[in-house]
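Chain residues, written in single-letter form:
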Amino acid sequence: MKTSILNKLAFRSIFSHKQLYFPFLLAVSLLFSLEYILLSLMQNEYVLEFHPDLKIFVGMGIFFSTLLMVIISLYTSNFIQKNQTKEFGLYTVLGLEKKHIRWITFVQMLFNWIVTSIFSVVIGYLTGNLMFVGLNRLMKDTGAGLMDYPFQIQTALGIVALLLGTFLVSFIFHSIKISRLNPTELFVSAHKGQREPKGNWLVTVLGLATLGSGYYIALTTNDVLGSLMNIFIAIFLIVIGTYLLFLSLSIFILKALQKNKRIYYKKNNFLSISGMLHRMNNNAVSLASIAILCSGIILVLGLTTTLYRVMETQIASSMPTDYTVQSFLFDKEEDETYLINLENELEKRGQLEDAYLHSSVNTNGYFVDRKLIPLTTGSSVNETLNTSQSVVLIGETVDTYNEMQDETLTLSENEVAITSNLLDLEDFSTIEINGKEMQTKVVSNEAIPAEYGIEVLYLAFPDENQLEEFRIAFENYMGPNGDYAPSAYQYVLNFNIAENEDEIQNYLNERQEEDPIRVTTIEETSQNLYTLYGGLLFIGVIVSVVLIVGIILMLYFKQITEGHQDRENYRIMKQVGLEKSMIEKTIQSQIVWVFGLPLAVAVLHNLFVSKIVYTLVGLFGVRDLSIFGTSYFGVLVIFAAVYWIFYKLTSRTYYRIINE
Amino acid sequence: MLLDVKHIKKVYRTRGNETIALRDVDFGVKEGEFVAIMGESGSGKTTLLNITATFDEPTEGKIELNGQDLSKIPSKQIAQFRREELGFVFQDFNVLDTFNNKDNILLPLVLSDVPKHEMEKRLDEVSAFVGIESLLNKYPYEISGGQRQRIAIARALINQPKLLLADEPTGNLDSATSSQILDVLRSVNEAGNTIMMVTHSVKAASEAARVLFIKDGKIFHEVYRGKADSQAFQERIAESLSVLNDRGEK
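Along each chain, the written sequence defines residue order, and numbers are assigned to residues from 1. A letter from A marks each chain and a number from 1 marks each ligand, given out in the order of writing. Since the coordinates come from a predicted model, pLDDT governs what is reported: local features require at least 70, and pairs of side-chain atoms require 80 or more to be given and counted, while whole-chain, interface and lining totals use all residues.

Peer 1: Lay out the overall build of chain B in plain terms, naming residues and giving numbers.
Peer 2: Counting from the N terminus, the helices are the DSSP runs of H or I reaching at least four residues and the strands are the DSSP runs of E reaching at least two. Along the backbone of chain B there are eight helices and ten strands. Reported as C-alpha extents along the three principal axes, the dimensions of chain B are approximately 55 × 45 × 35 Å. Residue burial in chain B is summarised as follows: out of 250 residues, 45% are buried. The contacts of chain B with a sequence gap of at least 6 include a subset with a gap of at least 24, amounting to 70%. Whether a residue is buried, exposed or partly exposed follows from its count of other C-beta atoms within 10 Å of its own C-beta, namely 20 or more, 12 or fewer, or something in between, respectively; the C-beta atoms are built from the backbone. Placing C-beta atoms from the backbone, we regard two residues as in contact once those atoms come within 7 Å.

What follows is the structure, encoded as structure tokens:
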């Protein structure tokens, strides 16, 4: 047989199923154009340079998104092919051999591959560009952004290869199916409904085991840096477990509902339970995919929101006032005099508010087993100590602490107030400072400026003498020639400006040119933070958008395909007396499954991984549990509302199709 | 009269083209009667059935069932009316693969909120009557065409409808199975049910007590079975059909 005829048949078949085929090609193209955007992040300069772990996280996100996209594509292409088998049955009756049919499907596969490859790359590049331009503009004031979005040939090739892999797998599945069936079976297989699926206990047990161990790993992993692999494994197991449980458990539940005559023979339940049970295998894959997409969206949006809010609070907390001036004369008296004079000069030019001059000691030391050890004596106490294990120490008097934090803390002679950004101090009632035992009061870590990404221990001493003792004892490394010496006091003037801001600013700029001082404004601090973390927000927003578009596609395609499958059934039921209002009610009872279930699963997943995620975000400076919790809750509520709207819109599509 | 078909006219209009499906059809069906309607494809017999079944509305004229004008039924109650007053048997069975046979039969009752014990009682009665007790827990795709049609008949009867409408009930069946289904229909009629059946099979029509011949949207002729045996009645039907066709070709 001439291949040109076969090729013609292949294309004719595509066009005769265009109602299903074109939405399918469009959906796959859109999914993989999103994949293009995600993949391109891996080559992005910001991602490559910000933090070595960020690249791993982005990579992980991409791995799971890719997994989902391949599963969704295989699921939809299986549905398309099932619709074609009847035609192939007819062809075999007309004298085509199986190898010819296989050729036809092969040509169709090539067609799918080429079309989706072109569209995925083009749409991916264009929308990616649009998103980058848009987001850069949105974040312009904040100084964040990922700069430009060049066309990446590696990414494009990656997409083309991924699509080829997906379609090849689908082609292999399909040709196995074709070679197993004889013509008449081919003929009826499209027409015949799926057999009622049987629940499989083995799959249930396997699903419970994978999900359980995923949860277990997520709950028991404490050390985040050392166990990035664990997070990956945990999420992977949870994803697999979700699919397995949806495939098996849903059937058991539906069968149990069907056995319960009181429930089953109610008119709303009757249609929906039997309908879902009938196509539960397909349904389970799509529902599980939706559930995982929901989980991912809540996770990523929750992280992004947390990060954003933490940044805002960090800006506020890092700077108790709008301006700080630090002088570097390295002499206690000179620094103090200089800043007092400066304050007077500024007052002449305008009006200051909340002006406060204070000093602190910044140095380093070892912190091991509740013992604070100076760098100079560290090796004599413990041989294994080396400078890479040291932490930053910030010492102040309790008066300074109270003034800066707006507190009224009092300390007795042998008490010290401590806090840390990353170290866990919860159960410390005493601490040994250079051999001297002190009672502790653990205070809020807002006392630590936000710009520290490393471990900082903050100490507030009862009086200046003790602060001075601390300063002398904890010598700091002063470079190759100076070696160890006590750190100088850092003198800082904090203030807000009430009047004549311009004049005061000009004067400050002049002084900064000539004197050894550093003026910091709250705007500069926030700019710095946004440059540092803004890219993370950016990535969070992009990944969320990708996942949300994915879920819309999935919902839409699910409702369209099921609408086409159910139309004939509803036609028959209308003939034997099904009211239109009943159809609406039946569709409404889907809500529990298509809307409620994925959302519930997503909440559950996120609860179980919240601990590990919280530890994880600590890496990026997030240490506020209430912000973390409320951000997630807010995201959940808003996402549920948005999902509800999508659900309503797509189920209207379903309703329209079955009433055609 | 149980069913009064009064001067029905049906015109289909598509993009300026007018097709007259029914010109002026006027007849009645008595309670307990078994009426067959014969005619060639395109004669309008299926249109007539669809209008009687409330799937479609007449352009002119009206149909009354037990004195109730079908066109006066509010659209919200039309489904309930179909469920409670009419039973349907179709050429391609129209049983649902998503339900097992038992649930297929129970569908109209479930939709009407009939209590469970009443459902079971009627199911037992009707499945014994149609002879499908052993098939109840299977699915439609697991049984033969004839068996599927029995399921459809059971579903049509379970609501004890006033009128059973059958559209080529043997059209998709082989001759042996057809005879069995016709036997079932006859016993359904003998049990007191009124049947209106559309067919172009002479054998199927000969089960009826009266046969109406429809052509070009009009009733041309009718024959009564009277005391004639099946064989003789079939011959008369065949005769009428050939007369009908001859006239048309002149």
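Peer 1: Before we move on, can you summarise helix α19 (residues 580–589) of chain A with the specific residues and values?
Peer 2: Residue and element names in this part refer to chain A. Every buried residue of α19 is accounted for by Ile583, Thr586 and Ile587. Taken around the axis of α19, the buried residues stretch over an arc of 100°, which confines them to a single face. Residues of α19 that are exposed and point over 90 degrees away from its buried face: Ser581, Glu584 and Gln588. The directions from the helix axis to the C-beta atoms are what the arc is built from.

Peer 1: Give a description of the interface of chain B and chain A that names residues and reports values.
Peer 2: Contact residues are listed per partner, giving 22 residues for chain B and 18 residues for chain A. Mapped by element, the contributors of at least two residues to the side of chain B that touches chain A are α2 (78–85), α3 (101–111) and α4 (116–130) of chain B. With five residues, the top contributor of residues to the side of chain B that touches chain A is α3 of chain B.

Peer 1: Quick one: what's the story with helix α16 (residues 464–473) of chain A, residue by residue and with numbers?
Peer 2: Residues and elements named next belong to chain A. Listing the buried residues of α16 in full gives Gln466, Leu467, Phe470 and Arg471. For α16, the angular spread of the buried residues around the axis is 145°, confining them to a single face. Against β2 (351–368), β4 (391–397), β6 (430–433), β8 (456–461) and β10 (484–486) lie the buried residues of α16.

Peer 1: Can you tell me about the environment of Ala284 of chain A, naming the residues and giving the values?
Peer 2: Residue and element names in this part refer to chain A. For Ala284, the position within the fold is in helix α12 (residues 280–318). It is 30 Å that separates the C-alpha atoms of Ala284 and Ile104, two residues lying 180 residues apart in sequence. In contact with Ala284, other than residues within four places in its own chain, are Phe246, Leu247 and Ser250.

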